[in-house]
Amino acid sequence: MPNIDLACFICGNKSFSVVYDKKFKVLECNNCKYGIMNPLPLKEDLDQIYNSVQYFSEHMQYDYKKLKPSEINDLVLRIGSFHYNYLSKFISTIKSIFEIGPGGGFNLKFFADKNINAEGIETSTISTEFAKSKLKINLINSSLEDFNNSAEKKYQVVMLNHVLEHFIDAKQAMMKIKSLVDENGYLYIRVPDHNSYDRKAQKENWPAYLPYHISYFSQKNLVLLLKQFGFTIIDIYYYVSDEFMKKYPPFIRRPMVKALELFKAEKYFNGRTITILAKSW
Ligand SMILES: [Zn+2]
């Protein structure tokens, strides 16, 4: 039975359903569909995972220490231009960016190279050392929970790319995140979409069910959460699921994506990630 003391931190509702029960358990709020791991993991156990070699080889898809300079440059360009181009559609001049959990810091390096003030915090010591020594970026080795922004610095863009789902206390995290966003600044979040086509198709084998993913968000509860923290939604972006596309022959896939975009139907066939850009007021 779900923990009866549990109340959804987003909508306050107290009734939950078990939606995943394999390597750990996920309860989903029956009202806003926010999912949470139950019971919660221990911070010490998570810290150990984030500093393990396996985490980088399996989850991050590359082992930093083995990267050649040309491969590092390719990652900076590929990852950085992706985020820069997306943000530039909505923000005419990007002046500063603070990334929470940037991993090896490839994205921050791209912004720094454009003379944008690029800073961040990273909980993994291995990643921080790599980013500082190889990319020379301004990164502090700290979890968000322990981060002390004593100078009360604020940033035009605060970014979390597949990070918000990792916090044990997502409400505390949101309060800290909000305090880092400048007045009229932006919050850029990408998380696994628990309401995605992928999750429904792959069920308990959905790859985002991971022992360090505490929160399971989707559009409805993310919008609610951001509004509660004083944000206006600027954009919500979906990808068409590879899981969906692979059922069709390759030559038909591209036109199909175009057609789905034309009819704004991507969200019914959305892949793993949901992207939200919100503005503070
Ligand atoms: Zn809820």
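Our subject is the structure that appears above.
What counts and how
Residues numbered from 1 in each chain as written. Predicted model: local features only at pLDDT ≥ 70, side-chain atom pairs only at ≥ 80, totals over all residues. Helix = DSSP H or I, 4+ residues; strand = E, 2+ residues; numbered from the N terminus. Buried ≥ 20, exposed ≤ 12 C-beta atoms within 10 Å, placed from the backbone. Pairing = 2+ DSSP bridges. Right-handed = clockwise from strand over helix to strand, strands pointing away. Axes fitted to C-alpha atoms, helices over the stretch in contact; angles between N-to-C directions. Contact = placed C-beta atoms within 7 Å.

### So, the environment of Lys171
With respect to the helices, strands and loops of the structure, Lys171 is situated in helix α6 (residues 170-180). The exposure class assigned to Lys171 is exposed, which follows from the 12 C-beta atoms found within 10 Å. Considered as a pair, Lys171 and Trp206 are 35 residues apart in the sequence and their alpha carbons are 25 Å apart.

### With respect to the pairing of strand β7 (residues 155-161)
On a regular strand, each side chain points to the face opposite its neighbour's, so the side chains alternate between the two faces of the sheet. The buried fraction of β7 amounts to seven of the seven residues, a majority that puts the element mostly inside the structure. In the sheet, strand β4 (residues 96-100) pairs with β7 via three bridges, with the strands oriented parallel. Of the residues in β7, the one forming a bridge with Phe98 is Val158. Bridge count between β7 and strand β8 (residues 181-192): six bridges; the pairing is parallel. For Leu160, the partnering residue across the bridge sits in β8 and is Ile189. Read from β7 through α6 to β8, the crossover connection turns out right-handed.

### Focus: the pairing of strand β6 (residues 138-141)
Both strand β5 (residues 117-122) and β6 contribute to a ladder of four bridges, which runs parallel. Counted as the bridge partner of Glu122 is Asn141 from β6. What joins β5 to β6 is helix α5 (residues 125-134), and the crossover it makes is right-handed.

### Thoughts on unusual backbone geometry
Going from Asn38 to Pro39, the amide bond is cis rather than trans, its omega being 0°. Unusually for a residue other than glycine, Glu152 sits at a positive phi of about 50°. Turning to its location among the elements, Glu152 is positioned in the loop between β6 and β7. What makes Glu152 exposed here is the crowd of 7 C-beta atoms within 10 Å. Positive phi is not limited to glycine here, since Asn184 has a value of about 65°. Along the chain, Asn184 turns up in strand β8.

### Quick look at the sheet that holds strand β9 (residues 215-216)
Taken in spatial order, the four strands line up as β1-β2-β3-β9 in an open sheet, and their pairing is antiparallel. In this open sheet, the two strands that pair with only one neighbour each are β1 (16-21) and β9. Bridge count between strand β3 (residues 35-37) and β9: two bridges; the pairing is antiparallel. Residue pairing in the sheet places Ile36 in a bridge with Ser215 of β9.

### A few points about the sheet that holds β7
On the basis of which strands lie adjacent, the open sheet formed by seven strands has the order β6-β5-β4-β7-β8-β11-β10 and mixed pairing. Either end of the sheet is taken by a strand with one partner, and the two such strands are β6 and β10 (231-240). Adjacent strand axes in the sheet meet at a mean angle of 15°, parallel and antiparallel pairs treated alike. Against the sheet, helix α4 (residues 106-113) touches β4, β5 and β6, its axis set at about 165° to β5.

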